[in-house]
Amino acid sequence: KNEVEQSPQNLTAQEGEFITINCSYSVGISALHWLQQHPGGGIVSLFMLSSGKKKHGRLIATINIQEKHSSLHITASHPRDSAVYICAVFWGNQFYFGTGTSLTVIP
Amino acid sequence: NAGVTQTPKFRVLKTGQSMTLLCAQDMNHEYMYWYRQDPGMGLRLIHYSVGEGTTAKGEVPDGYNVSRLKKQNFLLGLESAAPSQTSVYFCASSLSGVGVQFFGPGTRLTVL
């Protein structure tokens, strides 16, 4: 099993702040995904990474394969970014998920 | 294009009852998955399928069975429900094993 740890578990930020969510895993992987779970429960994929860095709008995801670590950054955070952010790693033939980081952005 | 749909959205069962959860996708994806999500724990894989007629066990398969008779449908069955199976169940599909997964809206199941 691949142990996936996320930090912090909970995060409260003021609108406009720069946010970083971290993910570390225990065994070398084929790919890492960042997911967003909305307050209503729906889950959507944000990024798939196997190396380097990806950017989509105000979201940036990076991965360091050697250190077994990934970060998700949100620039200029907004209340609509309030959600649970989940890291998932593909290892063996399945995904292993972190417990998520609950983000609340206050206006 | 509905994506991934799940039925039902909510269900309450008594211990020992059986039920089937249905997942359907209209994206022609080969891979389909059933996960459960419990408070304080990450999503955990129950069973998955890599194509019509194939199924495989995930991390927590005990107490569940699955079938994939048609490519677009993946059924999850509980033969004799137990309170430990109270959870939110998510179905997902993807083009490849490592690729982006598309999730259904979830089914909230309570077993009394």
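Owing to the predicted nature of the structure, the values given are computational and were not obtained by experimental measurement.

(A) Local environment of the sheet that holds strand S3 (residues 19-25) of chain B. Residue and element names in this part refer to chain B. Taking strand neighbours across the sheet as the criterion, the 4 strands line up as S1-S3-S8-S7 in an open arrangement whose pairing is antiparallel. The strands lining the two open edges of the sheet, one partner per strand, are strand S1 (4-7) and strand S7 (65-67). On average, each strand axis in the sheet is inclined to that of its neighbour by 20°, with strand direction left out of account. Bridge analysis of S7 against strand S8 (residues 73-78) gives 3 bridges, and the strand direction is antiparallel. Its bridge partner being in S8, Ser67 is matched across the sheet by Leu75.

(B) Examining the side chain of His73 of chain A more closely. All names here are of chain A. Inspection of the secondary structure assignment puts His73 in strand S8 (residues 69-74). Judged by relative accessible area, His73 falls into the buried class, the value being 16%. Reaching out from His73, the side chain makes a polar contact with the side chain of Thr20 at a distance of 2.9 Å. Discounting chain neighbours no more than four positions away, the residues touching His73 are Phe18, Ile19, Thr20, Arg58, Leu59, Ile60 and Thr62.

(C) Focus on the interface of chain B and chain A. At the interface, 17 residues of chain B touch 19 residues of chain A. Each partner contributes to the roughly 1,500 Å² buried at the junction of chain B and chain A, and carbon and sulfur atoms together form 63% of this total. At the boundary of chain B and chain A, one finds 0 salt bridges. At the boundary of chain B with chain A, the tally comes to 3 residue pairs in polar contact (both at pLDDT 80 or more). Put simply, the parts of the chain that give the side of chain B that touches chain A at least two residues each are strand S4 (31-37) and strand S5 (44-49) of chain B. When grouped by side-chain class, the residues that make up the side of chain B that touches chain A number 9 nonpolar, 7 polar and 1 charged.

Quick notes on the rules
- Residues numbered from 1 in each chain as written.
- Chains lettered and ligands numbered in written order.
- Predicted model: local features only at pLDDT ≥ 70, side-chain atom pairs only at ≥ 80, totals over all residues.
- Heavy atoms only, no water.
- Pairing = 2+ DSSP bridges.
- Helix = DSSP H or I, 4+ residues; strand = E, 2+ residues; numbered from the N terminus.
- Axes fitted to C-alpha atoms, helices over the stretch in contact; angles between N-to-C directions.
- Buried < 20%, exposed > 50% of the residue type's maximum accessible area, 1.4 Å probe, protein only.
- Polar contact = N/O pair within 3.5 Å; in protein donor to acceptor, adjacent residues only side chain to side chain.
- Contact = heavy atoms within 4.5 Å.
- Buried area = accessible area lost by both parts, 1.4 Å probe.
- Salt bridge = Lys/Arg side-chain N within 4 Å of Asp/Glu carboxyl O.
- Nonpolar A, V, L, I, M, F, W, Y, C, P; charged D, E, K, R; others polar.

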